[in-house]
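# Structure at a glance
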Amino acid sequence: MERRDFLKLIGITGAGAVTACDAKVGPQSLIPYVVPPDNITPGIPTWYASTCRECPAGCGTHVKTREGRVIKLEGNPESPVNRGKLCARGQAAHQNLYDPDRLKGPKRLVNGEYVDAQWEQATSALAAELRRLREAGGDPGSVVLLTGLQTGTRERLYDEWARAVGARRVVYEPFAYEPLLEANRRVFGESVLPSYDIEGAEFVISFGAEFLETWISPVRYAVEWSRMHAFRGDEAVEKGIFVAVEPRLSMTASNADEWVSVKPGTEYLIALAMANVLGAGGEAADWTPRRAAEATGVDAGTIERLAGLFRDKRSVALPGGISTSHSNATAAAVAVNLLNRAGGAIGDTVRFSTPVTGAVEGSYRAIVDLVAAMQTGAVKALLFADTNPVFSLPPALGFAEALRQVPFRVSFGPLFDETGAWCQWLLPDHTPLESWGDWIPQQGTVGIQQPAMRPVFNTRATPDVLLDVWRTAGDPAAAPATEGGWYEYLREAWSDRAPDERAWAEILRAGGVWEGAAVAPPAGQPTDGANLGRAGVGAAATGELGSGEPTDFAPPAYDGPSGEGTFDLVVFPQIALYDGRTANRPWLQELPDPASSVAWQTWVELHPEVADELGLVDGDVVTVESAHGSVQAPVIRYPGARRDTVALPLGRGHDRMGRYAAGRGVNPIALLPPTADSASGGFAWQGVRVGLTKTGTRVDPLRFQGSDSDEGRDLAEAVPMAAALRLASGEAEVHAEEPHLGEDIPLTVERVARDSDPDGPYRWGMAISLDACTGCNACVTACSAENNLPFVGPERVAKSRFMNWIRIERYLEAKPGGRIETHHLPMLCQHCGAAPCEPVCPVYATYHNPDGLNVQVYNRCVGTRYCSNNCPYKVRYFNWFQYEWPEPLNWGLNPDVLAREKGVMEKCTYCVQRINAAKIAIKDQGPDAVITEGMFQTACQQTCPTDAIVFGNLKDPESRVAKLAGGPLAYSALEHLNTRPANFYLKQVTDRSGVEAAAAEPVAAH
Amino acid sequence: MSAELMERGVRGAFYTIEEAGEAVLALEKEGFAQEDITLFSPIPTAEYEEHFERPRSPVRYMTITGGILGCITGFVLTFWTFFAWPLHVGGKPVASFPVAVVIMFELTVLLGGLFSLAAVFIFSRIPALTMKPGYHPRFSEDLFGVFVHASEEQGKRSARDVLNRFGALEVSDEAE
Amino acid sequence: MADTVKQKSGRAQAGVFRRVNRDILSTLQKPGLGWAAGMAVVLTVLAAGVTAEIYQIKVGLGVAGYEPPVMWAVYITNFVFWVGIAHSGTLISAILFLFRAQFRTAVYRVSETMTVFAVMTAGLFPLIHLGRVWYFYYLAPYPNERLLWPNFRSPLVWDFFAISTYFTISSVFLYVGLIPDIAAARDRARTKLRRRLYGALSLGWQGTDSQWRHYNRAYLFLAGLATPLVLSVHSVVSWDFAMAIVPGWHSTIFAPYFVAGAIFSGVAMVITLVVPLRKAFRLTDYIDEYHLDRLAKLLLLTSSIVFYAYLVEIWTAWYSGSPYERAIFWDRAFGQYAWASWIMYGCNCIIPLSLWFKRVRTSWFWMFIVSIFVNVGMWFERFVIIIQSLAHEFIPYQWDYYKPTWVEMAITAGSFAWFLMWFLLFIKFLPSMAISELKELLPPRLRRQKKEMEAA
């Protein structure tokens, strides 16, 4: 069948999917419909609780479907992991489901060409091959099932299956954090990831852990961080301090109160020295602050000050992630452990009682061994499930070449990715939104994963395929526990928790089984290490380590010559693309990086002064060359880069995978040697020295940010903690600080609330806390999903024609002592009371509605673009073209929101469709029923992990937004223009540790 | 005057407007009615208007009518639309006069101008399908003409005398 | 004796009058090769422009170089430029008529037609720049069942009224002025077709005293109405910018500043057109150094007003203390668009200073060069005001650099072709000088000729 015909067919049946169901999926797939399908009213969304599988964090989700189509994902508020929040990747998850480049069905390689196959044919072929190998009596290593990190029932199936068919299961996860496990084993004798209680801490110090971006469970930690750190002025309680020790001003570091910039690979010495100050003996004993200072270039005073903070406050230190894992990563993690122990954090803010998922022991080591085995030809068959090693392993390791020695290769990947290109069989799995499953993000928490809609393409759940293979090819002695398919298998595994269908339905509704629920940890879960903490603290006194072996704190090995013209290479994961698995989601490709504000492109981050020395400007393509390879990418000047480093982001540079990922950017992994951290065997992402050469070509830097500095315009305001406290406690006058530019018009909530129908109950508005906003961009993607925002592609981004109704402006401010203060400023339509955009429209296409919204009437707009010229905030976006949604991406469009035509202006509507839904919902409560707090949320507010965005009715004095907007830290952007914006910003709170105040002292004296 | 009177008359051609003008005045003295005398000129005769003591042109009434009409239209149009569907923009009052002023001004000028044009057409009897008697192509080139309606011979004679007296290049009977 | 003198002068005058008719009407002879060639070129360029526009409508406005926040660019630049060109016409024909400026008679017909055609060109650009041009009529106050009216608060609607009024009035003014001359053409027409054509167009004009009487009044009133119109139209256009909040636009000086600029560019364009015209049609006796010198002085005056306006703008920005205003003008002089700004300052302020020298003012060659420079400079003035201000607004995140694309260039070139096409047609089919008024107020050289003939 032709692809197009197929899509048409799907298009027709897709809507009917809710009622129709084919034999393969089985009637059970209708279980999610707790109400009978014929009760589904078109226009009323149906929600399914599920689990996000875009990274190992396993956030709980609520999947919104309309007429059988997934249109939006939102966090599951009941999930203890993400508490209702999602990151940008989670928000874009259904672009994976609707990826136009997905494999439409099974394929096999016939003399160099992939031809469509039938599932029966495929499974039997696979079964036949495995049976042959098993009966040939090859050693169990000859068949390898290579999977990514898995937990719960799917993991159990993989293991049992491997055992039954005489295969070996190898787990490979690019971001495996082995050093953390190894360090915990050494210090505490437990090879698990503890849960770090950031929320409960008063002082958080991170040694290169990008915990707001990609580290272990970013949404969870972002939520916790904001509760510990964000000061909104509603209560006069001092908030916690966060210090980041990193070689690069990452997004996480940009949210730190203090960024300690250290020489790459020496972060751990700071931890050691701090531990030393805190009196830790043993290894830490001989690392005095002075000695550490010499090695790291951070002055001893700072180290002692930080140590002091760590001692005086309830503290936690976070061990490094990808961007700081050198060949001595384990030692670095051990150092952090020592600090935590010396500071008494173990069992307090570092809890082994509830270990979390996210790390894989010996992942990289296993791959290295596998490659060796492959090269000897010992591996006869290799099956890839949810992993893409050919992309994420350094070419220098020779994995791809070794694949040639493997006669039989199968990929279960839903996309035709780099690994798939090496396989004879492509047996596409369902995407997570189409499949059953469960996931254990942390001990005691099991998230359920249920299909939210009928499969888009002719794909098949890999577990089903494996079960079929198992039955035919497996050892008859060890037959699968169930006669049925994957669903029965899963159901059986849950039988003890959900003995009857009511309990099961309840679990499906809740989206899983949460903490506190008496749950026996499924097989393979670490035992409870609750009392480990105390033991650790005890050990700290004596300075011995949990396990015998000593740790060598020698500096990391650097690959390549040092000296003139060479730089330390820092490769770092981007929040949007993680390890590159999400690279074919256009929304994520077009999401500007929080630090450099670049999209669609791999860039080389250079310190501006270094760039000047080399005569490089933004967009100049340079060749970055190491001993192992070279890549070419445009330069982006970034003050947050160290002079001795160049930084490249991971995640781009695919040559397969689909139209949005292929040929986009470069993959810096090509520069890396296959070095491993000796202690843990984990891959050493850092420690390569590279040279830079100018190619002379220049490309458009696909950068959203016009100017890095706000030119002293004070768009994103900040106050020192001390002042903020005085304001919050009412000691200080609110408008006491120096007045705004021009005439200072104190703009009150009451005044803004008057900018709507005087008899009407509403004036919608927002309070946006700059202190909480981390710049993670989750709101941007959430808005795109809710409001059908098109992605415009690199050529148009180059002309800054991007369509994000909400954008995070990032301004860098140089502070005394070379410090850089980063301000993240979410900018969206301000719904001004005196909107400059309205009177200039010749056709009333934009006007002020009775709710106080600044409304855009698409059908009336003729496209003079005068409104955009006259908008001081520049938040109106124009449809320069008719933007297309390649089938089936358009299935994800929100039917409540018009998809705009070419030639019209559009902008943030405060999710007016949600407002109206709420109005309809209260209609039957009589004429004077009023929408109350929390009846609905805007998409951006809903997903914001740090609750930086608070939306509500300014006319209701009890509403949270009115309280915050009336609070001491509230101000309006460009207030002096007297546009009376409905968005109030809450000032960022800086200088919590009083560093600047201290620095300013002597100046003040003169 | 009746049709057959129109057919007959005497025409004189002059080099200069001065001569032609004096001839016209003299003819009036002779007792010829103003409407019986037509002066053809290749150049605007502005200077001679008061000289001829003709009634001032009524064009001005048309112009002022048009202007006032336009002004009112502008006011009504803007203010009616303000209230026909009151929409709030930019936190401004629904109706505002300064805005109306612009429209009122433009329409004043527009209708004023169009009415003046109409006035020229109406009062100057253009577009005219038939030419007035006594015209000669050279009257749009280098000569000034004076044409007198005179049916009976005696009138014609006196007209000829006058025209000759004031140095007409040629005097001819017009009887087509 | 006295008679003979009178006769003599009379004969002389008649001779001169005949000559005026002959000379002016000779421009209406069969087009020559040069004219045809010019027309061919013009039509080709126009075709290119039209193609580009069709392409833009089909694919979307994105084919132009717009780079947010620069939402208005070359199209609006052209709009303001052409409206500006349109201004000198009415100034010369109406205001100078009221002031009885003698030198006007020779050039006012050309400048009036220039006005009409320039407005016709300008009027295209607001449409070309619309995102959904197929809904352009939403801007017009047409009655509809939904009671949807335009927003009279929007300067764009003011534009709509101002421009359409200006077009109507200036066309009326032009045509009324033409009637007696068309009549003259009719009386000289050799072919039947021409006699028919001009006969219809002249509406049976005979130049009788009563016709002249009403005609003169109406012409006076039209002049009276057109005078405030001239000043208002470009004020309204300037309010498109002055009414906006954009730093660099939001300024009370804009109305007078734009009007002066408009007349400046308009006069320059008149010179640019007249210089080749008088040569091509051998009208050197009608337009001579005397006229040129007067035009040059007008140019000098307006140039210094514009120069002054530039300085005041900068001073206001500094004195206001607003960092946004200051940033705009700093960036204008030294930022990304400095090159355009300095073209503007150079062409509009520095080069016209040469007009202080009579030598330059009376040299056809130099005046032509200067006028070209002024045209370029005034185009760039609008370019700078519109694009540079937008590119450098309140929010530094949204600063960007705009470059036009081939589509915009083609359409811009097309607009010049469109204008020239009408102009070429006009000079071939209608008297390009006011015959009757020239006779009334003879230009110096003909006056001299008349004297000589009298002496003979």
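Residues numbered from 1 in each chain as written. Chains lettered and ligands numbered in written order. Predicted model: local features only at pLDDT ≥ 70, side-chain atom pairs only at ≥ 80, totals over all residues. Heavy atoms only, no water.

## Description of the overall build of chain C
Counting secondary structure elements, chain C contains 17 helices and 0 strands. Radius of gyration (C-alpha) of chain C: 24 Å, near the 23 Å computed for a compact globule of 456 residues. Viewed in the frame of its principal axes, chain C has a C-alpha envelope of about 90 × 55 × 40 Å. Across the 456 residues that make up chain C, the buried fraction comes to 64%. Within chain C, contacts between residues separated by at least 24 positions form 82% of all contacts whose residues are at least 6 apart in sequence. Side chains of chain C give 42 positive and 26 negative charges; the mean places of these two sets differ by 12 Å. (Helix = DSSP H or I, 4+ residues; strand = E, 2+ residues; numbered from the N terminus. Rg over C-alpha atoms; globule rule 2.2 N^0.38 Å. Buried < 20%, exposed > 50% of the residue type's maximum accessible area, 1.4 Å probe, protein only. Contact = heavy atoms within 4.5 Å. Lys, Arg positive; Asp, Glu negative; His and termini not counted. Charge placed at Lys NZ, Arg CZ, Asp CG, Glu CD.)

## Concerning unusual backbone geometry
In this model, B:I126 is joined to B:P127 through a cis peptide bond whose omega is -5 degrees. Turning to its location among the elements, B:P127 is positioned in the loop between α5 (97-123) and β3 (144-149). The residue after C:P68, namely C:P69, is reached through a cis peptide bond having omega 10 degrees. With respect to the helices and strands, the residue C:P69 is situated in the loop between α2 (33-59) and α3 (74-98). Notably, A:R865 is not glycine yet its phi reads approximately 65 degrees, a positive angle. Summarising the element assignment, A:R865 is placed in the loop between β31 (854-856) and α26 (866-869). Accessibility expressed as a relative area gives 1% for A:R865, which makes it buried. The phi angle at C:R282 is positive, at roughly 50 degrees, despite the residue not being glycine.

## Regarding the interface of chain A and chain C
Accessible area lost upon the coming together of the parts serves often as the stated size of an interface. Between chain A and chain C, the residue contacts involve 56 residues of the former and 53 residues of the latter. For the pairing of chain A and chain C, the buried interface totals around 4,600 Å² over both sides, and the portion due to carbon and sulfur atoms is 57%. Joining chain A to chain C, the criterion identifies 3 salt bridges. A salt bridge links C:R132 to A:E901; the shortest N-O distance between them is 2.5 Å. Listing elements by their share of the side of chain A that touches chain C, those giving two or more residues are β28 (807-815) and α26 of chain A. With 5 residues, β28(A) is the single largest residue contributor to the side of chain A that touches chain C. Broken down by class, the residue content of the side of chain A that touches chain C amounts to 28 nonpolar, 13 polar and 15 charged. (Buried area = accessible area lost by both parts, 1.4 Å probe. Salt bridge = Lys/Arg side-chain N within 4 Å of Asp/Glu carboxyl O. Nonpolar A, V, L, I, M, F, W, Y, C, P; charged D, E, K, R; others polar.)

## Section: empty space enclosed by the protein
Residues and elements named next belong to chain A. Reported here for the largest cavity is a volume of approximately 750 Å³. Lining the largest cavity are 42 residues, with R53, D386, T387, P414 and R581 sitting closest to its centre. Elements supplying a minimum of two residues to the lining of the largest cavity: α5 (152-164), β14 (381-385), α14 (389-392) and β17 (437-442). Broken down by element, the residue count for the lining of the largest cavity peaks at 3 residues, all from β17. Residue composition of the lining of the largest cavity, by class: 15 nonpolar, 16 polar and 11 charged. Estimates place the volume of the second largest cavity at around 240 Å³. The wall of the second largest cavity is formed by 27 residues, among which P179, G321, S325, A329 and F683 lie closest to the centre. Only α6 (178-188), α9 (267-277), α12 (329-342) and α13 (363-375) provide two or more residues apiece to the lining of the second largest cavity. Ranked by the residues each element gives to the lining of the second largest cavity, the list is headed by α12, at 4 residues. Looking at side-chain class alone, the lining of the second largest cavity contains 17 nonpolar, 7 polar and 3 charged residues. (1 Å grid on protein atoms, 1.4 Å probe; cavity = no way out; pocket = protein on both sides within 12 Å on 5 of 7 lines; lining within 4 Å. Points joined across faces, edges and corners; volume = space filled by probe spheres on them.)

## Some points on the packing of helix α6 (residues 155-188) of chain C against helix α8 (residues 209-242) of chain C
All names here are of chain C. Contact pair α6 / α8: the axes reach a minimum separation of 9 Å and the direction vectors enclose 155 degrees. Accordingly, the angle class assigned to the pair α6 and α8 is roughly antiparallel. Taken as a pair, α6 and α8 cross one another with a handedness that is left-handed. Across the contact of α6 with α8, the residue classes break down as 23 nonpolar, 2 polar and 2 charged. (Axes fitted to C-alpha atoms, helices over the stretch in contact; angles between N-to-C directions. Parallel < 35°, antiparallel > 145°, perpendicular 65-115°, else oblique. Left-handed = near helix turned anticlockwise from the far one by under 90°.)

## Quick notes on the pattern of salt bridges
Residue and element names in this part refer to chain A. Taken as a whole and judged by the stated rule, the model has 79 salt bridges over all chains. When the shortest N-O distance is used, the salt bridge between K107 and D116 registers 2.6 Å. Judged by relative accessible area, D116 falls into the exposed class, the value being 58%. Measuring nitrogen to oxygen at the nearest pair gives 2.6 Å for the salt bridge that ties E809 to R807. Summarising the burial analysis for this pair, E809 and R807 share the class buried.

## Concerning the pairing of strand β25 (residues 688-698) of chain A
Residues and elements named next belong to chain A. As paired strands, strand β20 (residues 566-572) and β25 are joined by 4 bridges and run antiparallel to one another. When the sheet's bridge partners are listed, D568 is paired in β25 with R689. Where strand β22 (residues 620-626) and β25 come together, 5 bridges link them in antiparallel fashion. Note that in β25 the partner of E625 across the bridge is G691. (Pairing = 2+ DSSP bridges.)

## Overview of the pairing of strand β9 (residues 203-206) of chain A
Residues and elements named next belong to chain A. Along β9, one buried face is formed by F203 and I205 and the opposite face, lined by V204 and S206, is buried too. Bridge count for β9 against strand β10 (residues 241-246) is 4 bridges, and the pairing is parallel. Bridge pairing in β10 links F203 to I241. Running through helix α7 (residues 218-229), the crossover from β9 to the neighbouring parallel element β10 is right-handed. Pairing of β9 with strand β12 (residues 315-318), which is carried by 4 bridges, proceeds in the parallel orientation. When the bridges of β12 are listed, V204 appears paired with V316. (Right-handed = clockwise from strand over helix to strand, strands pointing away.)

## So, the sheet that holds β12(A)
The strands making up a sheet associate through backbone hydrogen bonding, with each pair oriented either parallel or antiparallel. All names here are of chain A. If you walk across this open sheet you meet the 4 strands as β11-β10-β9-β12, and the pairing is parallel. Two strands bound the open sheet, and with one partner strand each, they are β11 (258-261) and β12. Going across the sheet, the axis of each strand differs from the next one's by a mean of 15 degrees, ignoring polarity. The strands that α12 touches are β9 and β12; relative to β12, the one it contacts most, it runs at about 175 degrees.

## Regarding the nonpolar core
Among the nonpolar cores identified, the biggest contains 440 residues, and A:I205 and A:F399 are the most heavily contacted of them. Other than its neighbours up to four places away in sequence, A:I205 contacts A:V243, A:V245, A:M274, A:L306, A:F310, A:V316, A:A317, A:L318 and A:L339. (Core = buried A, V, L, I, M, F, W, Y, C linked by side-chain atoms within 4.5 Å.)

## Quick notes on the confidence of the model for chain C
Confidence in the prediction of chain C, expressed as mean pLDDT, is 91, and 99% of residues score 70 or more. On the interface metric, ipTM, the complex scores 0.92, and its pTM is 0.91. (pLDDT = per-residue confidence, 0-100.)

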